[in-house]
Amino acid sequence: MRSTAAVRSGNDGRVTSLGVVFEPQNPPEQLREVVRVADSAGLEQLWLCEDCFAEGGIATAAAALAWSERVRIGVGVLPAPLRNVAVTAMEIATLERIFPGRTIWGVGHGNQQWMSQAGARVASPLTLLREYLDALRGLLAGERISVRGRYIRLDDVALDWPPAAAPTVIVGGFGPRTLRLAGAAADGVVTGTALAGMRQAIELTQEDRPHGGDFSFMVQLVAATGPGAAERAEAEVRKLGHTSEDGLCAVGDAQAIADTVAQWAQAGADTVILEPTPDEPDPVGFVRFIAEKVSPLIA
């Protein structure tokens, strides 16, 4: 999961990976060029979204894996209410068998308004996600599962073709209960907490963490470069209920963005994922800029 494109924290030797998001506002046919540039330019991780009602996370991941050789593909995140857990396990296992160890799989509650629109909203998203994670990770580990939970019900289900090695499964979310759940039942979390709240967020993931096993704390930042970068990024984080004072904007030239990544590494982030603003005029150029200009500054 690590490469030379990383920044080492002065506190504990932690290594921070660098990723870029392919925005779901971009047309799917643009993905191929973005993937090829990410792969050839040495980007460590390319992240795909499953936002309703844009692009499917499994379909885009399959295409991205087929079009590349080395870049790691992150899917953040598959909404648990929309996807039957057995089908999700089949899809993930198939891709892990064909492209072993190249994908990070994120699952989450899903946007509740979108879940309502799709007729998939549940009364207790946290209960569903816990049941979902337990079943999904069990199936991907080659177990035979029978469970009658509040939401997940499986009767003697096992995958014919489980992955050779259990893949990385993370949780996408923000609230304290979701952070605790991620620590207890997943391999990591991807979140958008404020920089000042990082210590508390990390502690929450460790409260119910079983002994042993790695856990990745991933943060997603809004990133922009060029004219009006600060204004574009500020407008985007405000939609998420934050301001630039929360540290969730990485803006400016390559050195400025690299410095922001270093701040988050010092705060404890294992991975920093840079998300361009939806109005980014050149998604391909943005990926190339991060891979070729920013990564060398933090290697």
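Residues numbered from 1 in each chain as written. Predicted model: local features only at pLDDT ≥ 70, side-chain atom pairs only at ≥ 80, totals over all residues. Heavy atoms only, no water.

Taking an unreviewed UniProt entry as the reference, the protein chain is identified by name as LLM class flavin-dependent oxidoreductase belonging to Nocardia arthritidis.

(A) How the structure looks around the overall build of the protein chain. What the protein chain contains, in helices and strands, is 10 helices and 12 strands. If one aligns the C-alpha atoms of the protein chain with their principal axes, the spans along those axes are about 55 × 40 × 40 Å. Burial analysis of the protein chain (299 residues in total) assigns 54% to the buried set. Considering only contacts within the protein chain whose residues lie at least 6 apart along the sequence, 72% involve residues at least 24 apart. Seen as two clouds, the 26 positive and the 36 negative side-chain charges of the protein chain have centres 5 Å apart. (Helix = DSSP H or I, 4+ residues; strand = E, 2+ residues; numbered from the N terminus. Buried < 20%, exposed > 50% of the residue type's maximum accessible area, 1.4 Å probe, protein only. Contact = heavy atoms within 4.5 Å. Lys, Arg positive; Asp, Glu negative; His and termini not counted. Charge placed at Lys NZ, Arg CZ, Asp CG, Glu CD.)

(B) Seen up close, the state of the cysteines. Per the stated rule, a full pass over the model turns up zero disulfides. In this model Cys49 remains outside any disulfide bridge; the closest cysteine sulfur is found in Cys52, 12 Å from its own. On the basis of relative accessible area, Cys49 is assigned to the buried category, the value being 11%. For Cys52, a relative accessible area of 14% corresponds to the buried category. (Disulfide = S-S within 2.5 Å.)

(C) Expanded view of helix α6 (residues 176-185). Counting buried positions along α6 gives seven out of 10 residues, so the element sits mostly inside the fold. Within α6 the residues assigned to the buried category are Thr178, Leu179, Leu181, Ala182, Gly183, Ala184 and Ala185.

(D) Broad picture of the pairing of strand β8 (residues 168-172). With respect to burial, β8 is a largely interior element, five of its five residues being buried. In terms of strand pairing, β8 meets strand β9 (residues 188-191) through two bridges, oriented parallel. The residue bridging Gly172 from the neighbouring strand is Val190, located in β9. Regarding the hand of the β-α-β motif, the stretch spanning β8, α6 and β9 is right-handed. (Pairing = 2+ DSSP bridges. Right-handed = clockwise from strand over helix to strand, strands pointing away.)

(E) Structural view of the environment of Gly268. Of note, Gly268 is situated in the loop between α9 (254-267) and β12 (271-276). According to the relative accessible area criterion, Gly268 is buried, its value standing at 6%. In the structure, Gly268 is positioned 73 residues away from Leu195 in sequence and 9.8 Å away in space, judged by C-alpha atoms.

(F) Fine view of the side chain of Glu275. Position of Glu275 among the secondary structure elements: in strand β12. One buried charged residue, Glu275, remains without a salt bridge, the closest side chain of opposite sign being Lys239 at 9.8 Å. Of the polar contacts made by the side chain of Glu275, one reaches the side chain of Gln220; its length is 2.5 Å. (Salt bridge = Lys/Arg side-chain N within 4 Å of Asp/Glu carboxyl O. Polar contact = N/O pair within 3.5 Å; in protein donor to acceptor, adjacent residues only side chain to side chain.)

(G) Representation of helix α8 (residues 229-239). Three or more residues of α8 are buried, namely Ala229, Arg232, Ala233, Glu234, Glu236 and Val237. Where the residues of α8 are buried, they touch β10 (216-224) and β11 (249-251).

(H) Structural detail: the pattern of salt bridges. Taken as a whole and assessed by the stated rule, the structure comprises 10 salt bridges. Close ionic contact of Arg232 with Asp279 constitutes a salt bridge, the shortest N to O distance being 3.7 Å. Here the residue Arg232 occupies a position in helix α8, and Asp279 occupies one in the loop between β12 and α10 (283-298), the gap between them amounting to 47 residues. A salt bridge links Glu292 to Arg288; its shortest N-O distance comes to 3.6 Å. Of this pair, Glu292 and Arg288 both sit in helix α10, four residues apart, which is roughly one turn of that helix. It is possible to trace a salt-bridge network through shared partners that takes in Arg232, Asp279 and Glu280.

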